[in-house]
Amino acid sequence: GQADFSFGARKQGQVPCGGGYAVNGQVLPSPPRPGAAAYTPDKKLPPSSPGGSGSVPGICAEAASATAAAPMQAIPPWPVLGASPGVTGAGPFGFSPFEGGALGLSASSWGFPQDKNNLRYFAVMCKDDVEIRASPTYADDARVGHFLHPGQVVVVDERRMVTGSCFLHLADGRGWVFMTKDRLLVMTEVQEFERGLWHYSVICEDDVETRIAPTYSDDSRTGVVLRSGDCIAVDEICSVAGARFLKLADGRGWVFETKDRLLVMSEVRAKAQEARDFARGLWHYTVVCDDEVEIRAAPTYSDEARTGLTIHPGDCVAVDERCRVNAAWFLRLADGRGWIFETKDSRR
């Protein structure tokens, strides 16, 4: 190929050497620069001149000795990134300018990907969308037109302090976001983040209001309420300051697993030997025991979940959800009154 230099064209097999080219061991002159005296091949330098006895003007000693010893070899490629300056095979003009070690810079200074162990997860905690910036700044002219949404969890590969403010670089390369703005918390780090599909039941007696983000804050309430006994699908789980939060798969927000040491949500776990631990449909059941059965607000035997409502021996009830908790099957009444157990103390 051909590349333009300030002093002339470099063609394949040619190496620039001061005032000329070394081509296959022969030194050829470059075209004279404007106002400069023309180079003549018979012009010699004294033996004491840089470059050795009889060398052409401007050729360094290393280049002259190379051309005198053997024909010029093909230029080796730049070394692989991360090589040390002592590695054999560096280019003829030194190490690649993108080699961090040669310049005393880390790879991250050039924007190279970080170690996967340095990746962190952050959640959007504010109520408004957060617009991504092209650089770590609050300036509006750095906006890129892409947004993060309340409650969204993103992967971050770098944190940088700029004039006292912390900015986060998105690992997918979209840009930067700020952690705080005008004393408002915008992003917070989350731990133990998982994405998948789980089913949870509300097992406390009270209603549970979802939040826009993984937080207990009343300011993040959405107005969406889960009733005691409801079973929900969860697609993201994370921990914030030691508390676990669950993201509803249908997009209604986040709920907490516990609050004030009270278990609020309990996972409906699947077991390898069982086909399913949760099912939704329509079935009809008959009370076959001799005693009345008190309805629970959640799929549990706990007396604290009693509702005061009962079904009687011989009653036939419609059931729209079935789930197993701790090896016991619970049935949700289709009329919304609550949950009943299929067996108790090994008795149907």
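Residues numbered from 1 in each chain as written. Predicted model: local features only at pLDDT ≥ 70, side-chain atom pairs only at ≥ 80, totals over all residues. Heavy atoms only, no water.

Asks: Even after reading the chapter, I still don't get the pattern of salt bridges, so can you show me in this structure?
Replies: Note on pairing: side chains with opposite charge can pair once their charged atoms come close. This structure, assessed with the given rule, holds 23 salt bridges. Notably, a salt bridge pairs Arg324 with Asp277, separated by 3.2 Å at the nearest N-O pair. Pair noted here: Arg324 is in strand β26 (residues 316–325) and Asp277 is in the loop between β22 (265–267) and β23 (278–286), with a separation of 47 residues, a long-range link. Residues Arg324 and Asp277 agree in their burial class; the two are buried. Here Asp303 ties to Arg296 by a salt bridge, and the two come within 3.6 Å at their closest N and O atoms. (Salt bridge = Lys/Arg side-chain N within 4 Å of Asp/Glu carboxyl O. Helix = DSSP H or I, 4+ residues; strand = E, 2+ residues; numbered from the N terminus. Buried < 20%, exposed > 50% of the residue type's maximum accessible area, 1.4 Å probe, protein only.)

Asks: Explain unusual backbone geometry here, please?
Replies: Backbone phi values are negative for most residues with the exception of glycine, while trans is the configuration of most peptide bonds. For Ala241, which is not a glycine, the phi torsion comes out positive at approximately 55°. Within the fold, Ala241 resides in the loop between β17 (231–240) and β18 (243–248).

Asks: So what exactly am I meant to see when it comes to the nonpolar core here?
Replies: Soluble, globular proteins show a tendency: their nonpolar side chains are buried together. Of all hydrophobic cores here, the largest spans 26 residues; its most connected members are Tyr200, Val208, Ile232, Val255 and Met265. At the level of secondary structure, the elements contributing two or more residues to this core comprise β14 (187–202), β17, β18 and β19 (254–256). Filtering out sequence-adjacent residues up to four positions away, Val208 remains in contact with Val202, Val224, Val225, Leu226, Val255, Phe256 and Val264. Listed in part, the 20 residues of the second largest apolar core include Phe330, Trp339, Ile340 and Phe341. (Core = buried A, V, L, I, M, F, W, Y, C linked by side-chain atoms within 4.5 Å. Contact = heavy atoms within 4.5 Å.)

These figures capture arrangement, not role.
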